[in-house]
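Each chain, written out:
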Amino acid sequence: MAVPDRIEARRGVAIPVFDPRPDIEPIRAEVLEAIAGVVDSGRFILGEQVAGLEDEVAAYLGVRHAVGVNSGTDALVIALRSLGVGPGHEVITTPFTFFATPEAVTTIGATPVFVDIDPATFTIDPSAIEAAITARTAAIVPVHLFGLAADMDPILEVARRHGLRVVEDLAQAMGGSAGGRKLGTIGDAAALSFFPTKNLGGFGDGGMIVTDDDEAAALARKLRTHGSAKKYANELFGYNSRLDELQAAVLRVRLRTLDDANAARRGAAARYDELLDGIDGLARPIAARAAGHVYHQFTIRVPGGRRDEVRDRLGAEGIGTAVYYPIPCHRLPPYADLGVTLAEAEAAAAEVLSLPMWPSIPDDAVRAVGDALGRAMR
Ligand SMILES: *Cc1c(COP(=O)(O)O)cnc(C)c1O
C-alpha cells in the first residue's frame, strides 16, 4: 500500500509540529527489506543487527564502545552506574530537560542537584556548577538540548578539578558537534535515545551508551542483561534492557542518512532565521546559528507573557507548535520538595515555543510559519 504524501495533503490546511513520514518515504524500501531480513533470520533480540548497529555508531562517533539498550532513559541509568555513580551520590544537571534526565539519577539511588541554565543557549550554565559541588558529588550530566551542544570545555574543566565523571545526555543531538568534536565523545560516556522523534529515531523505543572506557562498557553490557556477561551467571542486579533486532535493523538504515537529515534541519533553521529576523519582539538563542547545531527543535522565545496567545494564534491557522518544557524539572512534583528557585530555567519555561521542524519540511511550510508568526506578533 502506498503511503499518502501527508505534507501534500495537508498543504494549505495544517502544518504539524513534527512528521516522521516524509523522511522515511525515500528509504522505505530499504527499511522494509531490513525488517524482512530480521523476520527471516528468526533472531529478534541482541543479534547481528544490534552488534552491527553498535559497531556503526561507534565508528560514526569515533568511540571504542557502543552498547545498545532499551531506551534513552535506560542508557542514562546504565551509563551512570557503569561509571560508578550510585546511592548516596549527587549528580549535577540542568532542570531544563525532559524528566528522564533527573529521573535516571534518582532511579540509581543518587540525588539530582539542579543548577540554572544559560538563557542564551538553554543549556546548563557552567559557571553555576562549582558552587553546587559537595563531598558527595560524583558526576555532571549536561544535556545537549534541542540539538545544541552544552558548553563542554568549562564543564570538563570543573569536572577534572573535582574528580567528577561527565555523562552527556545526547538524546536530542546525535550527529551534532562542538568545536570540531562530535557530541557524545567529549565526556566519559554519553546516552543516546532512539525514540522516534529524535534525530536518529527508530520505529519504537531504543537507546545506546557510548564510551571510550573499557571497564564502563563491560559493566554496561552486563547491566543491560540482568547483570550477567554469561547466561545464568548473574553477577549483580541489572536490568532487562536489551535492544531488539528490528529496531537495530531500521536504525542502521537511518544512521546512513543521519548527516543528510541533520544538514536538512540546518537548512530549514537558516530559513527560519531569515524570516524571524524580520519580526520584532521574538528572541532566539544566540548560539542558534552556531555550527554543529542539529536542530532537534527550532525553539524561539516569545517574551512579555505572550507565548500562549501566540501559540493559540498559530494553532488557529493550523500550525502545530510545542512547548519544551512548560515546567522545569525542579518544579515538577517529584522534585518540588527541593524548594530551589532557578530564575533562568523558569523564565525559559514561560517563553519557549518550538516551531515545526523535521528534515524535509518544505520551504513553503517554513515560510507559512514565518508569515503566521509575523501576524501573531503584531
Ligand atoms: C528523549 C530524552 C530522554 C529519554 O529517552 P527515551 O528514549 O525516551 O527514554 C532523555 N533525555 C532527553 C534530553 C531526552 O530528550
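Treat the numbers as computed from the prediction; the structure is a model and nothing was measured. (Residues numbered from 1 in each chain as written. Predicted model: local features only at pLDDT ≥ 70, side-chain atom pairs only at ≥ 80, totals over all residues. Heavy atoms only, no water.)

Chemist: Please explain helix 7 (residues 152–162) as it appears in this structure.
Modeler: Given 3.6 residues to a turn, an α-helix orients residues that are three or four positions apart in the same direction. Inspection of helix 7 places Met 152, Ile 155, Leu 156, Val 158 and Ala 159 among the buried residues, and these make up the whole buried set. Considered in projection along helix 7, the buried side chains sweep an arc of 165° and stay on one side of the axis. In this structure, the buried residues of helix 7 make contact with strand 4 (137–141), strand 5 (165–169) and strand 7 (181–182). Immediately beyond the C-terminal end of helix 7, within one or two residues, lies Gly 163, with a positive phi of roughly 65°. (Buried < 20%, exposed > 50% of the residue type's maximum accessible area, 1.4 Å probe, protein only. Helix = DSSP H or I, 4+ residues; strand = E, 2+ residues; numbered from the N terminus. Arc of directions from axis to C-beta. Contact = heavy atoms within 4.5 Å.)

Chemist: What am I meant to see in the site of the ligand here?
Modeler: Around the ligand sit 15 residues, and of these Gly 72, Thr 73, Asp 169, Ser 193 and Lys 198 come closest. Residue Gly 72 places a main-chain N or O atom 2.7 Å away from an oxygen atom belonging to the ligand. At 3.0 Å, a side-chain N or O of Lys 198 approaches an oxygen atom of the ligand. Alone, the ligand offers 380 Å² of accessible surface; in the complex the protein occludes 93% of this. A molecule is said to occupy a pocket when more than half its atoms come within 2 Å of that pocket's grid points, and by this definition the ligand occupies the largest pocket. Of all the elements in the fold, those that place two or more residues in the shell around the ligand are helix 5 (72–82) and helix 6 (100–107). Considering every element that reaches the shell around the ligand, the biggest residue donor is helix 5, with 3 residues. Taken together, the residues that form the shell around the ligand break down as 5 nonpolar, 8 polar and 2 charged. (Near = heavy atom within 4 Å. Polar contact = N/O pair within 3.5 Å; in protein donor to acceptor, adjacent residues only side chain to side chain. Areas by Shrake-Rupley, 256 points an atom, 1.4 Å probe, with all protein chains shown as cover. 1 Å grid on protein atoms, 1.4 Å probe; cavity = no way out; pocket = protein on both sides within 12 Å on 5 of 7 lines; lining within 4 Å. Sits in = over half its atoms within 2 Å of the grid points. Nonpolar A, V, L, I, M, F, W, Y, C, P; charged D, E, K, R; others polar.)

Chemist: Where do I start with the layout of surface pockets in this structure?
Modeler: To locate leftover empty space, one rolls a probe as large as a water molecule over the atoms. Estimates place the volume of the largest pocket at around 520 Å³. Phe 98, Gln 172, Phe 195, Thr 197 and Lys 198 are the residues nearest the centre of the largest pocket, which is lined by 28 residues in total. Broken down by secondary-structure element, the contributors of at least two residues to the lining of the largest pocket are helix 5, helix 6 and strand 8 (189–193). The element best represented in the lining of the largest pocket is helix 5, accounting for 3 residues. For the lining of the largest pocket, the class distribution of residues is 13 nonpolar, 11 polar and 4 charged. Taken together, domain 1 (9–19 + 258–376) and domain 2 (26–255) each give at least three residues to the lining of the largest pocket, which thus spans both. In this structure, the second largest pocket occupies an estimated 290 Å³ of space. Lining the second largest pocket are 13 residues, with Thr 225, Ser 228, Ala 229, Lys 230 and Lys 231 positioned closest to its centre. Tallied by class, the residues present in the lining of the second largest pocket amount to 3 nonpolar, 4 polar and 6 charged. (Points joined across faces, edges and corners; volume = space filled by probe spheres on them. Domains from an automatic or database assignment.)

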